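# Examining the three-dimensional arrangement
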Amino acid sequence: MDKFFDKFYYGGDYNPNQFPKEIWYEDMRLFKLAGVNIVTLPVFSWASLQPSENEYDFSWLDEIFDLVEQNGIDICLATSTAAQPAWMSKRYPEVCPVDENGVRVKHGWRVNFCPNSEVYRHFASKLAGKLAEHYKDRKSIKVWHIGNEYGPVCYCDTCAGKFREWLKKKYKTIENLNKAWNLQFWGHTVYDWDEVLPPSNIAGGKIVHQARALDYFRFMNDSVLECYLLEKEEIRKHTPNIPITTNLMGTYKPLDYFKWAKEMDIVSWDSYPRANDPMSNIAMRHDLMRGLKEGQSFMLMEQTPSQQNWQAYNSLKKPGIMRLWSYQAIAHGADTVMFFQMRRSHGGCEKFHGALIAHVGHENTRVFRECAELGAELPKLKEIIGSRVKAKAAILFDWENWHALELSSGPSKDLKYVPEINRYHSAFYNNNVTVDVINPSFDLSKYDVVVAPVLYMVREGVAENIKEYVKNGGTFITTFFSGIVDENDYVTMKGYPGELRDLLGIWAEEIDPLFPEDKNGIVMQENDLGLSGEYECKLICDIIHSEGAKVLGVYKDNFYMGMPCLTVNEYGKGKAYYVATAPSAEFMDAFIKGICQQKNILPKYTFDKGIEFTERENEHGKYLFVLNHNTCEASIDLADDKFVDLLTSKEYSGKATLPKYGVLVLKKIN
Amino acid sequence: MDKFFDKFYYGGDYNPNQFPKEIWYEDMRLFKLAGVNIVTLPVFSWASLQPSENEYDFSWLDEIFDLVEQNGIDICLATSTAAQPAWMSKRYPEVCPVDENGVRVKHGWRVNFCPNSEVYRHFASKLAGKLAEHYKDRKSIKVWHIGNEYGPVCYCDTCAGKFREWLKKKYKTIENLNKAWNLQFWGHTVYDWDEVLPPSNIAGGKIVHQARALDYFRFMNDSVLECYLLEKEEIRKHTPNIPITTNLMGTYKPLDYFKWAKEMDIVSWDSYPRANDPMSNIAMRHDLMRGLKEGQSFMLMEQTPSQQNWQAYNSLKKPGIMRLWSYQAIAHGADTVMFFQMRRSHGGCEKFHGALIAHVGHENTRVFRECAELGAELPKLKEIIGSRVKAKAAILFDWENWHALELSSGPSKDLKYVPEINRYHSAFYNNNVTVDVINPSFDLSKYDVVVAPVLYMVREGVAENIKEYVKNGGTFITTFFSGIVDENDYVTMKGYPGELRDLLGIWAEEIDPLFPEDKNGIVMQENDLGLSGEYECKLICDIIHSEGAKVLGVYKDNFYMGMPCLTVNEYGKGKAYYVATAPSAEFMDAFIKGICQQKNILPKYTFDKGIEFTERENEHGKYLFVLNHNTCEASIDLADDKFVDLLTSKEYSGKATLPKYGVLVLKKIN
Amino acid sequence: MDKFFDKFYYGGDYNPNQFPKEIWYEDMRLFKLAGVNIVTLPVFSWASLQPSENEYDFSWLDEIFDLVEQNGIDICLATSTAAQPAWMSKRYPEVCPVDENGVRVKHGWRVNFCPNSEVYRHFASKLAGKLAEHYKDRKSIKVWHIGNEYGPVCYCDTCAGKFREWLKKKYKTIENLNKAWNLQFWGHTVYDWDEVLPPSNIAGGKIVHQARALDYFRFMNDSVLECYLLEKEEIRKHTPNIPITTNLMGTYKPLDYFKWAKEMDIVSWDSYPRANDPMSNIAMRHDLMRGLKEGQSFMLMEQTPSQQNWQAYNSLKKPGIMRLWSYQAIAHGADTVMFFQMRRSHGGCEKFHGALIAHVGHENTRVFRECAELGAELPKLKEIIGSRVKAKAAILFDWENWHALELSSGPSKDLKYVPEINRYHSAFYNNNVTVDVINPSFDLSKYDVVVAPVLYMVREGVAENIKEYVKNGGTFITTFFSGIVDENDYVTMKGYPGELRDLLGIWAEEIDPLFPEDKNGIVMQENDLGLSGEYECKLICDIIHSEGAKVLGVYKDNFYMGMPCLTVNEYGKGKAYYVATAPSAEFMDAFIKGICQQKNILPKYTFDKGIEFTERENEHGKYLFVLNHNTCEASIDLADDKFVDLLTSKEYSGKATLPKYGVLVLKKIN
């Protein structure tokens, strides 16, 4: 099922229990003014729902439910389990986690529990069940929201014990473990499962045996996911037909969201870019969140109407930006636009986080006005709910690779995963070619171009998946420091890039990291991508030899001057490119343009710079999203195609001009 | 009583017990050469005064007393309780504090005790009492010096327990506490006092519920202050007429010195500017220390004769600087000039801290010579002892506001309290208008201009105090991010600036922090302050609406271009200015000049740039302090007034020229 | 005995137990191809050699011994005690150290034991003894390698107890201790040994009483050294004639290698320069390692054939660099060239550290080829084994001074010891004057010039040693902040530079540190060193007075403008220079050139810039090492001397030209 909602939902986190009741009524008035049709509640209220070990009190929530429903507003029901009550932490100190320095922390933060604590699990799933049972007949509940921004990591003895069980299941024998983790290195051979410790900072940390840290990451991910699943199970018993989600956080390293998405009916996420984030990076995170469930549309669960509070500099969103970025989310697959939060809290650390309703409490604010304008507009998008974003290109993203790469001791401390993903994503973005960001194990056959930046770890099945894809005509691009290790971070014995060596037709003999102040160059050779001359490159220079690949570019400097740094290999009906270094944005844009031109996947329209373009499609038609990120007018040429703008009902063809921060949602009509 | 001393005291910390006795006699000779007439002893000697739990030994100190007295030198008697003996820390480990990471530290530092430790309190007050009893008949004792640079913070279980008692007294019920701290936020509602924890880093830290951290700051301040009071009580029993002080540290954040000053007979403080501190910042700290007791003169208890040892770069004070800065202290209200320390220690971490007597041990050093010259000069200032600095302007300084502001999560990590105080103070300083730095609750009626930079927290009574002042004709200036919260850090529901909104005649709708590399501008509108054209501003831009205030300046850039950023509101007989952003020094100097001109409080004399000017006054006359901070000659024009320089007995009128680093102390004679 | 080996050994760390057996045979083939004639094993294999408390298993090592011996390769036998087995850490948690924050760490790192743990000492020495007994008849063993890169520091209660014993032995009475450490300072007088604590961060840290930290450094050094000695004793019982070493780490601060060298038959060390280290700094470390045993040649135990893995940027060594730097080591006294490691491990944190055999496993790599070429060349150097490097200049290096200087609170955080050593060493290096880096207590009579940069601490006997040397005609140079403290960090009462004051004929009155952005100048006065004009200086400016010394240079700026900053004093038959500030490289090169010219110790040959030159000598002849560090050709003029190049057998005289990275090893033949 792809279409969960029959309204375009607009609203967000609502915490009325922080306010006196008279405020609640004012909230309802303001919600209606703003077009709010859904609220998420009660996200952090466990202590109120369960005042003591044996006492549950939902009466106050009932009252809020009644009021919200009377006002025609639907509900995203949160299980409230992201912060256990203080009484629980006090009575059962083991509920609180042990941090990576080996210190048992105390009550005081949120997402501050040991995910393997039986006490936490018991009470959390029990609360979820009780909520489900109590509210199961409320028609207003449209979606369940379990926990909140999951993410605890713990190094306590309970976790250590469970980790050993997890390892026994995976490796069966201690010999297998010693081998998988290469524990002979530095003489860390273990003879008993009890000798295995979580990789806390006081037990050698994460980089002595990266394989240990990788397994701990997997184990922790599984442990936290189990917390979610236990709640989900309780909920399903009572409300089998209401979709269940939990709010994710984009490129959040501690959890492998591809594993989570399998257990979520619909993905939802919280988008909090830094004020100076490049637009393409925000787009990348939307594409990743959409990619988690292979293209299924998602919920924008949280964004701020105006400013954040926890950044270094919490700039205001300028007039028009909140609307523009909301449409960007939709353009990339969002079926809801929701905020944190409805009303600014007056005390506590998030009191300066933006909200629909400001501290002053009335509707006469810029932010409220902008929100209300958007609220009036969004119902016009009802028909696009559940439509799919069309992408002919994909970037492979792998949490395990992310961890492995950044655990590596060497070659360069500056080599980070997400910036390399963005390096490629932004090149597609700048060419207005839509990209899916997906897992390496997913079906690749629907793509014309697939890119795997720094595919350092090639897990079982991945090389086969990629080769099958290329054999059948696909174009594949990968980069330096790829094909190096298996899923235990064990380096290939086949010569880099290991499992990908025959596919790419090259051998990487050495890997040279550059100092930040150094650079090299790519000197283009004969090629059919339309590139010529020289481009700058930095960070890493793989020293490679062609074993059949055609050399498209060579190094300009250093002792490997003249050696290949850009190659392409014919493989089956397809092509496999190797980019041996980290090129400048100028190269990236031209290179990806050349590739897309060859595969004929450049958009048929032309755009001024700074215009973003995507397309969604469903049984009702094709929808073009045109977003002007410029601070001035800009245009798109729609050629002979004819469209109607869903927002204004105006018809468009040929050249269309958008004002600063303007948005068109064009439905094709010819 | 305002005048405590009948000599102008000159001397400082003296630690003869670090040296063999033959050195003591040499010290006496050198003290006399240098004009030293007071020494502070024995600051860190608890272990020598009390070698074990039941044994006290004052004999060695008696000997030093005798010698010092025989040489006509008076004594500032320290209670020596800033560092407990090692035997105490060993026998009673709970005397040592638990740090903010939850770790119980061990013996080894100074000011290294839990202020709520009954053991510490018992032994410290007992020692103070025994010293007082033993020395009560020594006429040489002119002032008591309790502890030293108080400041411990502790997070131990004893403190946690006392904190809960403190809270019970303040809030009465757990419901009141939940409300005051807004514990509904993130579901931290407590049902039992035992669930309340000190805000250590392992218990959520300080920013989740800022109200908790604020109360812990207040509680810790009270706890440490109680240590001081217990000693004071013991001392008073035996020497009811000797004034009691403890040495403060200027803008020292952990303690609320306004609360301390109430319990001190005379304020004393240790002035240790960084070598590159602006002169106005040093002046500000003197003004604050004077302001603690509403203008009463103070002791300069410590400064270095030459270099410090604990800065990153411990530059020498150049020839003349020590004298110049000593007179600066006097110009701002000091009635003593004292050093740390008399003789450089030869071992331990302060051995490279400057002293009257260098390691080489003789008087033939530049530093000694400069000290001796000053020592010969200071007796001429005897008549100014107890005189008052005249200030017609005041800056409001509030420790609680300081904490609250810097606990805030958002809007900008660069927003700090003391720099904003200095921004305004330096503008007065540059115009040679003397300022008192006082508490918002103090009587404001004697001032023509009162400034409250970033008065984020408006505590009970403060708005009323300010309004009363303006009503009666005062000029008030406040800035962006003021009037936001009450004393529990609870945001106003009245629209920013809350309690000050009607006074200022504006409403601040939004608060926009700027990235460090960004700026905006103030475009001056019609005004009677003499300002025109454009000025730069940075850091924060409040977006405000006039609700009656006159707009004097508007923003130059960003989406709020043209909106007000400088306003004035007529209120009663007075005026209230709002500066919505952080302007450049150029604006500040011109703006404050305009204000002072209007209020007719600019000095009647004219000065070259780099000359500092203040005035003290008592029943004997008016004393003008003229300090030349320039590295070249500079002048002041005294108009027709006639003066005699107390230092040289030379008469001055009209234009007077001072050499590099020169000083005049002019007594008015016409 | 000076000559330990009858081959020029080439090889390195070999860890076959990380690989399946079939690989071992391939290793032998590759070793022979590369000219490898020694391997170090089994460095980190304790867990394999002793699988449980009562079980030892050497069978797998026997097998490797057999194979290696069959292939004619010799063995450096490691005791494998640098990382205890996991079972030991689990069963005896006290084996693991307590870190400087007071936290008991767990198993997981290497060199991760408490050096005072009786359990560790028992098992480590037992293993060493068992290995020695088991392998005593293997003729292939040429040298013992105890532990690996020793260096643990521990703050546990066991260490605290042993520290007190150590102090009792040193100070006899508690009164002596109080005095030696100046514990009166801040009132830290102790009355019982139990009140003394190790200077961990939670017990006051290292700078309150620097004397305590210095003694703890000495105690820890002794404690770790005892671990080494216990193993050595066991080994000696069985193999009295095989030399024993442990691999040192150059300028490694925690251990006083001069004390270690006394207990080592031959020094060996691991050279891991950063990719951008100046060549002279690498040379300095070789000179220091050679100086440890007063000039005895040493083993280069480890270097990387290509890249490292634990630097921030692990650049490749460019073609020719590995060979060039290997010869540099030999030129400075190395009698072996050995690598870490023979084969890259495939898992664990060092898997990207360079090795002879790459992950790809074959010989067709640049790195292997370069290694094999060097392996083919080195046998030609057999005759130089045991020869001595000839140096007429020496730099004094003292670990205790290093610690004391950097524990100092003030005058400047930028004042560090090793950079000041390098400041002088590089000036000799640039003039191609070979330097020994030796201990201040060593015999100085063989040197013409001796330099002691920042000899802050002058320990007993040192001043006498230097004065004796100067009296007899030596030239001595020292700098600012010298002669300040004795070995307990107690400041001289004689006026700086204390014990050296009469030798230098100056008195340093004050010490002025400069801010990093500030500088001063040296204005040269009349002198016979050939210097004129002005030079830049920074960091520290001592303000000195001549007490007989001739003033060669004066300050250009600041209030001490015109005061001396470079002086020379005639003393006996010699001269003593004082450099009161930290001059520019330009000054340093000219100054040291002037000094060397005067002493007639400049080399008789002339060199292009970038050529490095040293000389070794033994009963067979004189060997000149000429190394071209330039990236282009460069020349040396050999005048009329005649030589044969040991590497090529080519004869040289007059001008000889070396290619980029070229090396000549010239034996004098006339």
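Conventions adopted
Residues numbered from 1 in each chain as written. Chains lettered and ligands numbered in written order. Predicted model: local features only at pLDDT ≥ 70, side-chain atom pairs only at ≥ 80, totals over all residues. Heavy atoms only, no water. Pairing = 2+ DSSP bridges. Helix = DSSP H or I, 4+ residues; strand = E, 2+ residues; numbered from the N terminus. Contact = heavy atoms within 4.5 Å. Buried area = accessible area lost by both parts, 1.4 Å probe. Salt bridge = Lys/Arg side-chain N within 4 Å of Asp/Glu carboxyl O. Least-squares fit on C-alpha atoms with pLDDT ≥ 70 in both. Domains from an automatic or database assignment. Axes fitted to C-alpha atoms, helices over the stretch in contact; angles between N-to-C directions. Phe/Tyr/Trp six-rings, centres within 6.5 Å; stacked < 30°, edge-to-face > 60°. Buried < 20%, exposed > 50% of the residue type's maximum accessible area, 1.4 Å probe, protein only. Lys NZ or Arg CZ within 6 Å of the ring centre and 35° of its normal. Polar contact = N/O pair within 3.5 Å; in protein donor to acceptor, adjacent residues only side chain to side chain. Nonpolar A, V, L, I, M, F, W, Y, C, P; charged D, E, K, R; others polar.

## Section: the sheet that holds strand β1 (residues 9-13) of chain A
Residue and element names in this part refer to chain A. Ordered by their spatial adjacency, nine strands build an open sheet running β5-β4-β3-β2-β1-β9-β8-β7-β6, and the pairing between neighbours is parallel. The sheet terminates laterally at β5 (244-245) and β6 (247-248), the two strands that pair on one side only. Two strands pair when backbone bridges link them, and strand β2 (residues 38-41) and strand β3 (residues 74-78) are joined in this way by four bridges, in the parallel orientation. Within β3, the residue paired with I38 across the bridge is D74.

## Brief notes about the interface of chain B and chain A
Taken together, the contact pairs 51 residues of chain B with 48 residues of chain A. Each partner contributes to the roughly 4400 Å² buried at the junction of chain B and chain A, and carbon and sulfur atoms together form 58% of this total. In terms of surface lost to chain A, no three residues of chain B exceed W186, I202 and F515 of chain B, which account for 17% of the buried area on that side. Applying the counting rule to chain B against chain A returns two salt bridges. Of the charged contacts, one joins R366 of chain A and E510 of chain B as a salt bridge, the two residues approaching to 2.8 Å between their closest N and O atoms. Here the element with the most residues in the side of chain B that touches chain A is strand β15 (residues 506-513) of chain B; it accounts for six residues.

## Describing the relation of the copies chain C and chain A
Between chain C and chain A, the superposition needs a rotation of 120° and an axial shift of 0.0 Å, giving an RMSD of 0.1 Å. Such a combination of turn and shift is consistent with a three-fold rotation axis. Taking the C-alpha atom as reference, chain C places V103 of chain C closest to the rotation axis, 5.6 Å from it.

## Brief notes about the domain arrangement of chain A
Domain assignment breaks chain A into domain 1 (9-155 + 215-385), domain 2 (393-598) and domain 3 (606-668). Summarising the inter-unit geometry, the C-alpha centres of domain 2 of chain A and domain 3 of chain A are found 33 Å apart.

## Structural notes on the sheet that holds strand β9 (residues 334-339) of chain C
Residue and element names in this part refer to chain C. Within the open sheet, the nine strands sit side by side as β5-β4-β3-β2-β1-β9-β8-β7-β6. Their pairing is parallel. Of all the strands in the sheet, just β5 (244-245) and β6 (247-248) have a single pairing partner and so form its edges. Against the sheet, helix α11 (residues 321-331) touches β8 (298-302) and β9, its axis set at about 145° to β9.

## Examining the packing of aromatic side chains
For any pair of aromatic rings, the description consists of the separation of the ring centres together with the inter-plane angle of the planes. Under the definition given, this model contains 138 aromatic pairs over all chains. With centroids separated by 4.7 Å and ring planes inclined at 90°, the aromatic side chains of F163 of chain B and Y216 of chain B adopt a geometry described as edge-to-face. Placement of the pair is F163 of chain B in helix α6 (residues 157-171) and Y216 of chain B in helix α8 (residues 210-238), with a sequence separation of 53 residues. Their ring planes at 75° and their centres at 6.0 Å tell us that Y605 of chain C and F643 of chain C sit as a pair that is edge-to-face. Linking Y605 of chain C in the loop between α17 (585-599) and β22 (606-607) with F643 of chain C in strand β26 (residues 643-645), this pair joins segments that are 38 residues apart in sequence. Neither Y605 of chain C nor F643 of chain C differs from the other in exposure class; each is buried. Counting every residue linked through ring pairs, the aromatic cluster contains Y252, Y257, F258, F397, W399, W402, Y417 and F442 of chain A. Positioned over the ring face of F19 of chain A is R343 of chain A, at 5.6 Å from the centre of the ring. The residue whose ring lies beneath K130 of chain C is Y56 of chain C, and the NZ or CZ to ring-centre distance is 4.9 Å.

## Comments concerning the interface of chain C and chain A
Listed per partner, the contact involves 48 residues of chain C and 51 residues of chain A. Of the roughly 4400 Å² buried where chain C meets chain A, counting both sides, 59% is carbon and sulfur surface. Summed over the three residues of chain C that lose the most area to chain A, namely Y313, H346 and F352 of chain C, the buried surface amounts to 17% of that side. Across the chain C-chain A interface, the total number found is two salt bridges. Two residues, K351 of chain C and D489 of chain A, come together in a salt bridge whose shortest N-O distance is 2.6 Å. At the junction of chain C and chain A, the tally comes to 24 residue pairs in polar contact (both at pLDDT 80 or more). Those elements giving two or more residues to the side of chain C that touches chain A turn out to be α2 (46-49), α4 (86-91) and α12 (366-377) of chain C. Counting residues per element, the side of chain C that touches chain A draws most heavily on α4 of chain C, which supplies three residues. Its residues placed into classes, the side of chain C that touches chain A shows 21 nonpolar, 18 polar and nine charged.

## Structural notes on the side chain of Q328 of chain C
Its place among the elements puts Q328 of chain C in helix α11. Sequence-distant contacts of Q328 of chain C, defined by excluding residues within four places in its chain, comprise M279, I282, A283, H286, Y429, E612, L627 and H629 of chain C.

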